[in-house]
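Descriptive analysis of the structure
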Amino acid sequence: MTDTFRAPDVPTALQPLPEGRLQGRPLFADLVRQSLATAAAEGWPRLVLCDPDFSDWPLGERAVVASLQAWARRGRVLQMLGRDFAPLRLQHPRFVQWRVAWAHVIEVRACNSASADEWPSAIWSPAWTLERIDATHGVMVASREARDHVALAERLDHWWQKGSPSLPPSILGL
């Protein structure tokens with residue numbers, strides 16, 4: 001018996017995450033899956049997921065939740081930033097259930113003062129970033145460059161500061 005939890009759905013041999021300009025809505029979903037599996041395999045300490053509503057992210061898929069489960073450990077932080085979390089609650093119940101169990105590593109903030117078209121859609125980590133610059137056509141930019149990390153982190157922090165806590169792990173009725 002081993003001490004380390006290893007989800008069976010998380011691939012052991014991962015392809016390197018791409019860099020540069022990319023395009024395709026299916027590719028975006030694949031890169032979300034691949035980046036979360038890579039985060040688990042490489043032990044990324046911090047992840048930031050940002051989207052207006054996460055409606056077209058594959059967060060409710062069994063393999064994605066398995067990757068998050070394998071990634072989640074003491075000292076790790078997942079920050080989620082969105083405009084409206086109602087679609088996420090409805091479309092990704094498996095993720096919402098995982099969020100309840102791992103509330104101590106997840107910080108969620110919402111900021112609905114901005115329009116959906118000015119809201120960023122991105123994954124930020126210390127190792128790699130992915131930003132969707134045109135969600136309608138699936139145009140993205142992926143990078144490992146420090147300058148891109150800093151620029152995206154500053155924009156995400158701007159929205160984080162404007163937001164307020166959201167998506168509570170439980171709702172208490174009083």
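Figured I'd write up the structure that's included with this text.

Parameters and conventions
Residues numbered from 1 in each chain as written. Predicted model: local features only at pLDDT ≥ 70, side-chain atom pairs only at ≥ 80, totals over all residues. Heavy atoms only, no water. Buried < 20%, exposed > 50% of the residue type's maximum accessible area, 1.4 Å probe, protein only. Helix = DSSP H or I, 4+ residues; strand = E, 2+ residues; numbered from the N terminus. Contact = heavy atoms within 4.5 Å. 1 Å grid on protein atoms, 1.4 Å probe; cavity = no way out; pocket = protein on both sides within 12 Å on 5 of 7 lines; lining within 4 Å. Points joined across faces, edges and corners; volume = space filled by probe spheres on them. Nonpolar A, V, L, I, M, F, W, Y, C, P; charged D, E, K, R; others polar. Pairing = 2+ DSSP bridges. Right-handed = clockwise from strand over helix to strand, strands pointing away. Core = buried A, V, L, I, M, F, W, Y, C linked by side-chain atoms within 4.5 Å. Axes fitted to C-alpha atoms, helices over the stretch in contact; angles between N-to-C directions. Parallel < 35°, antiparallel > 145°, perpendicular 65-115°, else oblique. Left-handed = near helix turned anticlockwise from the far one by under 90°. Salt bridge = Lys/Arg side-chain N within 4 Å of Asp/Glu carboxyl O.

On to helix H2 (residues 62-71). When you tally the buried positions in H2, you get 7 out of 10 residues, the bulk of the element. Close packing links the buried residues of H2 with helix H1 (25-42), strand S2 (46-51), strand S3 (77-82) and helix H4 (93-101).

It is worth spelling out the layout of surface pockets at this point. Its volume calculated, the largest pocket comes out at about 240 Å³. Together, 17 residues line the largest pocket, and Pro52, Ala116, Trp119, Ser121 and Ala135 are the ones closest to its centre. Sort the elements by how many residues they give to the lining of the largest pocket and strand S6 (residues 129-134) lands first, with 4 residues. By residue class, the composition of the lining of the largest pocket is 6 nonpolar, 2 polar and 9 charged.

A few words on the pairing of S3. Across the 6 residues of S3, 5 count as buried, placing the element largely inside the fold. Relative to S3, S2 runs parallel, the two sharing 6 bridges. Its bridge partner lying in S3, Arg46 is registered against Val77. In this region the chain leaves S2, passes through H2 and returns to the parallel neighbour S3; the handedness of that crossover is right-handed. Across 5 bridges, the pairing between S3 and strand S4 (residues 106-110) is parallel. Paired with Met80 across the bridge in S4 is Val108.

Inspection of the secondary structure puts Ala86 in helix H3 (residues 86-91). Its relative accessible area of 33% is what places Ala86 among the partly exposed residues. Spatially, the C-alpha atoms of Ala86 and Leu167 are 8.7 Å apart, while their sequence positions differ by 81 residues.

With that settled, consider the nonpolar core. With 37 residues, the main nonpolar core has Leu59, Trp71, Leu78, Met80 and Trp98 as its most contacted residues. For this core, the elements supplying multiple residues, two or more each, are H1, S2, H2, S3, H4, S4 and strand S7 (139-143). The leading source of residues in this core is H1, at 6 residues. Membership of the second largest hydrophobic core comes to 12 residues, among which are Leu81, Ala114, Trp124 and Leu156.

The contact between H2 and H4 brings their axes to 9 Å, and the two run at 15 degrees. As judged from the angle between their axes, H2 and H4 are roughly parallel. Handedness of the crossing formed by H2 with H4: right-handed. Between H2, through Arg62, Val65, Leu68 and Gln69, and H4, the contact on the second element is made entirely by Arg94, Phe95 and Trp98. Across the contact of H2 with H4, the residue classes break down as 4 nonpolar, 1 polar and 2 charged.

We now examine the pattern of salt bridges. With the rule as written, the count across this model stands at 8 salt bridges. Between Asp51 and Arg132 there is a salt bridge; the shortest N-O distance is 2.9 Å. Taken together, the residues Asp51 in strand S2 and Arg132 in strand S6 connect sequence positions 81 residues apart. Comparing Asp51 with Arg132, the two get one shared label, buried. Here Asp148 makes a salt bridge to Arg147, at a shortest N to O gap of 3.2 Å. Here the salt bridges share partners, and the residues they tie into one network are Arg25, Asp51, Asp56 and Arg132.

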